[in-house]
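# Per-entry structural report
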Amino acid sequence: MLDMGSLPLANRLENLGSGPSNTYPLVVYYCHNCALIQLADLVPRNEMFTDYLYLTSASNTMVEHFDRYAETITRRLGLAITDKVLDVGSNDGTLLKAFQRRGVGVLGIEPAQNVASIAEKEGVPTITEYFDLKLANTLEKFCVVTANNILSHVGNLREFLANVAKVLRPDGLFVFEVPWAADVLRNNSFDMIYHEHLSYFGLKPLVKALGIAGMSLFDVEYFPSIHGGSFRAIASPSFKEPSPLVKEMVAREDKEADFWAVRDFSGRVPILAQRLREMLLGLKRDGKRIAGYGAPAKATILLNYCGIGRDILDYASDTTPLKQGKLIPGVGVSIVSPQFARTKPPDYYLLLAWNFREEILAKEQEFLDKGGRFVVPFPNPEVVDS
Ligand code: TYD
């Protein structure tokens, strides 16, 4: 549906002097059989995950979101100390710590050593392995299995879901969050598309995939401001009648995430990219200094696809210490700390971490009050001032 050309791996930040990054084709497909939007050119896993740089705790929005998540699930199921939640892809343990605060037992599975050890240090028991059949066979049964922003990364969905079903008690629930494909399409946020994200989900393909694993997707909650629009779905190993919202969202996907919606999106993407680049070049011609705000994985896609490099951005500021001192792949924009950025503030920040718009605009009120501005790329490039 959309050929984005050959682009570097979004999370594989460059080191100074390490030479140009490899690029890999990024082509989006639509499955007429199950309505899944997906990539078909898979990059070998060992090329993608060398250093893992994403920390859930890097934004207050996510820390608060996961706190409310634990509260909702604990209350809904009446979880107690004897119950145990398994979080697959537990990252730095942000969600599991929230369950622990409520007295619920937890276990995390996180294959990235550097991230898993942060969780362990903070008292979250974590297994540093991939969640595969071998591991699933060694685990006890859980009353809740969670997986947030993980399914998009899974190459073999059938196998993964079968393993989830294996470790779930008969009365247990599988709870997971993913960005909603309909929002990616509506927001024009093509930078959510990168090699590590193999699937872009609607509920429709998930109902089918969960059904194959013997589970039924029966409830959903929608969060418009999480990663640009996400849903939390709940599935059970026994049949449960889908809630009215499940049916409503599936019906919306029939119009908003179907073949034609993807086709329209593919037509809008190159136009938006050109408009954003021209807007920034216009600001440069007026003598303005521009920097990136945040260095999320999606910035690699946005900057490379739009052709926004060091000639436009002086640097990108990011709070994650692991990213600072490195370069955004392909375009070579340096990642600096917010402290450094405050010593050399730009006139305009290009909001690369646009999914935290509210949190960032509130945090940068002083920058805005002094006349600083943000360029927000999606749904259409716009300038935001105080
Ligand atoms: P995120 O959008 O969560 O992830 P992805 O890498 O999957 O696209 O990344 C947001 C990045 O923005 C992360 O590196 C932390 C950074 N950030 C800041 O620098 N300042 C902030 O105030 C916030 C909220 C995030």
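See the structure printed just above.
This report concerns the structure included in the present document. (Residues numbered from 1 in each chain as written. Predicted model: local features only at pLDDT ≥ 70, side-chain atom pairs only at ≥ 80, totals over all residues. Heavy atoms only, no water.)

## A look at the layout of surface pockets
The probe, sized like a water molecule, is rolled over the atoms to show the empty space still left. In this structure, the second largest pocket occupies an estimated 390 Å³ of space. Forming the walls of the second largest pocket are 20 residues, and the residues nearest its centre are Cys34, Leu36, Gln38, Leu157 and Arg158. Only β3 (37-39), α6 (157-166) and α8 (203-212) provide two or more residues apiece to the lining of the second largest pocket. Of all the elements, α8 adds the most residues to the lining of the second largest pocket, at five residues. When grouped by side-chain class, the residues that make up the lining of the second largest pocket number 13 nonpolar, five polar and two charged. (1 Å grid on protein atoms, 1.4 Å probe; cavity = no way out; pocket = protein on both sides within 12 Å on 5 of 7 lines; lining within 4 Å. Points joined across faces, edges and corners; volume = space filled by probe spheres on them. Helix = DSSP H or I, 4+ residues; strand = E, 2+ residues; numbered from the N terminus. Nonpolar A, V, L, I, M, F, W, Y, C, P; charged D, E, K, R; others polar.)

## Description of the pattern of salt bridges
In a structure, side chains of opposite charge can pair up when their charged atoms sit close to one another. This model, assessed by the stated rule, comprises 19 salt bridges. A salt bridge links Asp67 to Arg102; its shortest N-O distance comes to 3.1 Å. With a gap of 35 residues between them, Asp67 in helix α2 (residues 60-77) and Arg102 in the loop between α3 (94-101) and β5 (105-109) connect regions that are remote in the sequence. A relative accessible area of 23% places Asp67 in the partly exposed class. Measuring nitrogen to oxygen at the nearest pair gives 2.8 Å for the salt bridge that ties Glu177 to Arg232. One end of the pair, Glu177, is in strand β8 (residues 168-179); the other, Arg232, is in strand β11 (residues 230-236), and 55 residues separate them in sequence. There is no split in this pair, since Glu177 and Arg232 are both buried. Through salt bridges with shared partners, a single network forms among Asp67, Glu71, Arg75, Arg101 and Arg102. (Salt bridge = Lys/Arg side-chain N within 4 Å of Asp/Glu carboxyl O. Buried < 20%, exposed > 50% of the residue type's maximum accessible area, 1.4 Å probe, protein only.)

## Regarding the site of the ligand
Ala297, Lys298, Asp318, Lys323 and Lys363 are the nearest of the 21 residues found near the ligand. Lys298 is positioned such that a nitrogen or oxygen atom in its side chain is 2.5 Å from an oxygen atom of the ligand. Here an oxygen atom of the ligand sits 3.4 Å away from a polar atom, N or O, in the side chain of Thr320. Taking 570 Å² as the accessible area of the ligand by itself, protein coverage stands at 94%. Those elements that place two or more of their residues in the shell around the ligand are α11 (297-306) and α13 (357-363). By residue number, the principal contributor to the shell around the ligand is α13, which donates three residues. Its residues assigned to classes, the shell around the ligand comprises nine nonpolar, seven polar and five charged. (Near = heavy atom within 4 Å. Polar contact = N/O pair within 3.5 Å; in protein donor to acceptor, adjacent residues only side chain to side chain. Areas by Shrake-Rupley, 256 points an atom, 1.4 Å probe, with all protein chains shown as cover.)

Honestly, that's just the spatial picture; any functional story needs more than this.
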